[in-house]
Amino acid sequence: MCPPNDTPGGPDLLAPDRLERIAGHVRGILTELGLDLGDPNLAETDRRVARMYAEMFHGLQEGSEPAITVFPNEERYSAMVMEKRIPFYSMCAHHLVPFYGHAHLAYIPNDSILGLSKFSRILEFYAKRPQLQERLTEQVANYLETRLHPQGVMVVIEARHLCVEMRGVKKAGAVTVTSAIRGIFHQRPVREEFLDLLRRTEP
Ligand SMILES: [Zn+2]
């Protein structure tokens, strides 16, 4: 079953009875692994994991979508706005282990601009759920496209996946890169400007 695609009308992850049921399932896994739940290090693990999941999967929580204020583009700014190297942590929907890295988001406005702090809030909202890097990339691009109606959007995400690094072929340090392009970013010179801004060193 796929995790919800966009803005779920999700469960209340912090409801005590739900946390208790999640803890019960974690306890079941630990028991099936043959672990001694009397070990002091495991005694509270079921509840700790339940609370941790509520935090890591906060994007599923009802009402967790960030309130995004969009401002009128009064200066008629028409060049690229980029927020780069925004860190994020997410959980792979296939294996429930982390993938993490950086996102680079850019758009060219029409009539609306976005408060700069909102980029990371949008990214976090979609990252905090069982997720695929490809879908995360598309969801962030779609969100910016539908809220801002810009001339174009580009999202690039670079991430390391622990399900790749810790198991199977064990390619430690491999980086997966995904991108999503909307509107004017389909034109090569615009994409080149994006890459040029991306390569620039920190101020
Ligand atoms: Zn995985």
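You'll find the structure just up there.
Residues numbered from 1 in each chain as written. Predicted model: local features only at pLDDT ≥ 70, side-chain atom pairs only at ≥ 80, totals over all residues. Heavy atoms only, no water.

We now examine the nonpolar core. Judged by nonpolar contacts, the single largest core of 28 residues is most densely connected at Leu136 and Val140. Of all the secondary structure elements, the ones that give two or more residues to this core are β2 (81–92), β3 (98–108), α3 (118–127), α4 (133–148) and β6 (152–161). Excluding residues within four positions of it along the chain, valine 140 makes contact with Leu105, Ile122, Leu123, Tyr126 and Val155. Of all hydrophobic cores here, the second largest spans 9 residues; its members include Ala106, Met154, Val156 and Phe185. (Core = buried A, V, L, I, M, F, W, Y, C linked by side-chain atoms within 4.5 Å. Buried < 20%, exposed > 50% of the residue type's maximum accessible area, 1.4 Å probe, protein only. Helix = DSSP H or I, 4+ residues; strand = E, 2+ residues; numbered from the N terminus. Contact = heavy atoms within 4.5 Å.)

One open sheet holds the 5 strands; their spatial order is β5-β2-β3-β6-β7, and the pairing between them is mixed. The open sheet has two edge strands, β5 (130–131) and β7 (176–183), and neither has a second partner. Examined bridge by bridge, β2 and β5 share 2 bridges and lie parallel to one another. Bridged to methionine 91 within β5 is proline 130. Along the sheet, α3 makes contact with β2, β3, β5 and β6, crossing β2 at roughly 20°. Together, β2, β3, β6 and β7 form the strand contacts of helix α6 (residues 188–199), whose direction differs from that of β2 by roughly 80°. (Pairing = 2+ DSSP bridges. Axes fitted to C-alpha atoms, helices over the stretch in contact; angles between N-to-C directions.)

Moving on, we get to the packing of aromatic side chains. Scanning the entire structure with this criterion turns up 7 aromatic pairs. An angle of 45° between the planes, with centres 6.0 Å apart, marks the rings of tyrosine 107 and phenylalanine 119 as tilted. Of this pair, tyrosine 107 sits in strand β3 while phenylalanine 119 sits in helix α3, and the two are 12 residues apart along the sequence. Comparing tyrosine 107 with phenylalanine 119 shows no difference in burial state: the two are buried. A cation over a ring is seen here: arginine 129 above phenylalanine 125, with NZ or CZ 4.7 Å from the ring centre. (Phe/Tyr/Trp six-rings, centres within 6.5 Å; stacked < 30°, edge-to-face > 60°. Lys NZ or Arg CZ within 6 Å of the ring centre and 35° of its normal.)

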